[in-house]
Amino acid sequence: MDKQTFWTLIEAARAEAAPDEVAERAARLLALRPPAEIAAAQQVLWDLLAESYRSPLWAAAYLINGGCSDDGFDYFRGWLLTQGEAVFAAALTDPDSLAGHPAVRAAAQDGPELEDEDALALAWTAYERATGRELPSDSFTIRYPPLDPSWDFDFDDTAELAARLPRLTTLFA
């Protein structure tokens, strides 16, 4: 499985499921594929998580969810994956673009956290459904890049966040 096939899978799941059920639907669709392809999907997912391991995105998640631990950032990026390739790519280029996303705007109004832990395990879930076994641990590797030191500041510094993520800061002020 390559990235484009992975994104096609996510788009198919998005077309068939409610927003909070995309990861579950994607796991069901993935479970229909050969075990080797399911296992390869886990590496694609980890590669996307590594690609999205960026300080500006973490700051956006911090604003959107009212704080963001290490695990919380993983779960936020799981949610971001379920939004599809276009939203994911736009958020990597400009995390402030998330201010225009309907779910982010709704979160600013009623406060639900945008997280999807299940998205992180969709290949594990699919592999177990398809084979009755756990995904082999050697199916994937992950190496996170270093975080950008220019973003090494307290995310509670509203003035700094307003300068860097003005739309999100205004939305969540």
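No experiment lies behind these values; they were computed from the predicted model shown.

Asker: Sorry if this is basic, but what is going on with a negative patch on the surface here?
Answerer: Where like charges cluster on the molecular surface, the negative patch consists of Asp 70, Asp 71, Glu 113, Glu 115, Glu 117 and Asp 118. Residue position: Asp 70 is located in helix α5 (residues 70-81). Overall, Asp 70 belongs to the exposed group, its relative accessible area being 54%.

Asker: Where do I start with the packing of helix α3 (residues 35-51) against helix α8 (residues 122-131) in this structure?
Answerer: Packed helix pairs are characterised by how far apart their axes lie and by the angle those axes make with each other. Relative orientation of the contacting elements α3 and α8 amounts to 170°, with a least axis distance of 8 Å. Relative to α8, the element α3 is oriented roughly antiparallel. Taken together, the residues of α8 that come into contact with α3 (itself represented by Pro 35, Ile 38, Ala 39, Ala 41, Gln 42 and Leu 45) are Leu 122, Ala 123, Trp 124, Ala 126, Tyr 127, Ala 130 and Thr 131. Of the residues in the contact of α3 with α8, the class split is 11 nonpolar, two polar and no charged.

Asker: Just checking my understanding: could you explain the packing of aromatic side chains for this structure?
Answerer: What characterises a pair of aromatic rings is the spacing of the ring centres plus the angle enclosed by the ring planes. Tallied over the full model, the rule gives 12 aromatic pairs. Centroid distance Tyr 53 to Tyr 144: 4.2 Å. Interplanar angle 20°. Geometry classified as stacked. Residue Tyr 53 is found in the loop between α3 and α4 (55-65), and its partner Tyr 144 is found in the loop between α8 and α9 (158-164); the two are separated by 91 residues along the sequence. A relative accessible area of 17% means that Tyr 53 is categorised as buried. Geometrically, the ring pair formed by Phe 76 and Trp 79 is tilted, given 5.6 Å between the ring centres and 35° between the ring planes. Within this pair, Phe 76 and its partner Trp 79 are both found in helix α5, separated by three residues, close to a single helical turn. Residue class for Phe 76 comes out buried when judged on its relative accessible area of 0%. For Trp 79, a relative accessible area of 7% gives the class buried. Through a chain of ring-to-ring contacts, three or more aromatic side chains come together here, namely Tyr 53, Trp 58, Phe 73 and Tyr 144.

Procedures and definitions
- Residues numbered from 1 in each chain as written.
- Predicted model: local features only at pLDDT ≥ 70, side-chain atom pairs only at ≥ 80, totals over all residues.
- Heavy atoms only, no water.
- Patch = residues over 30% accessible without salt bridge, like charges linked within 9 Å, V, L, I, M, F, W, Y side chains within 5 Å.
- Areas by Shrake-Rupley, 256 points an atom, 1.4 Å probe, with all protein chains shown as cover.
- Salt bridge = Lys/Arg side-chain N within 4 Å of Asp/Glu carboxyl O.
- Lys, Arg positive; Asp, Glu negative; His and termini not counted.
- Charge placed at Lys NZ, Arg CZ, Asp CG, Glu CD.
- Helix = DSSP H or I, 4+ residues; strand = E, 2+ residues; numbered from the N terminus.
- Buried < 20%, exposed > 50% of the residue type's maximum accessible area, 1.4 Å probe, protein only.
- Axes fitted to C-alpha atoms, helices over the stretch in contact; angles between N-to-C directions.
- Parallel < 35°, antiparallel > 145°, perpendicular 65-115°, else oblique.
- Contact = heavy atoms within 4.5 Å.
- Nonpolar A, V, L, I, M, F, W, Y, C, P; charged D, E, K, R; others polar.
- Phe/Tyr/Trp six-rings, centres within 6.5 Å; stacked < 30°, edge-to-face > 60°.

Distances and angles like these do not, on their own, reveal function.
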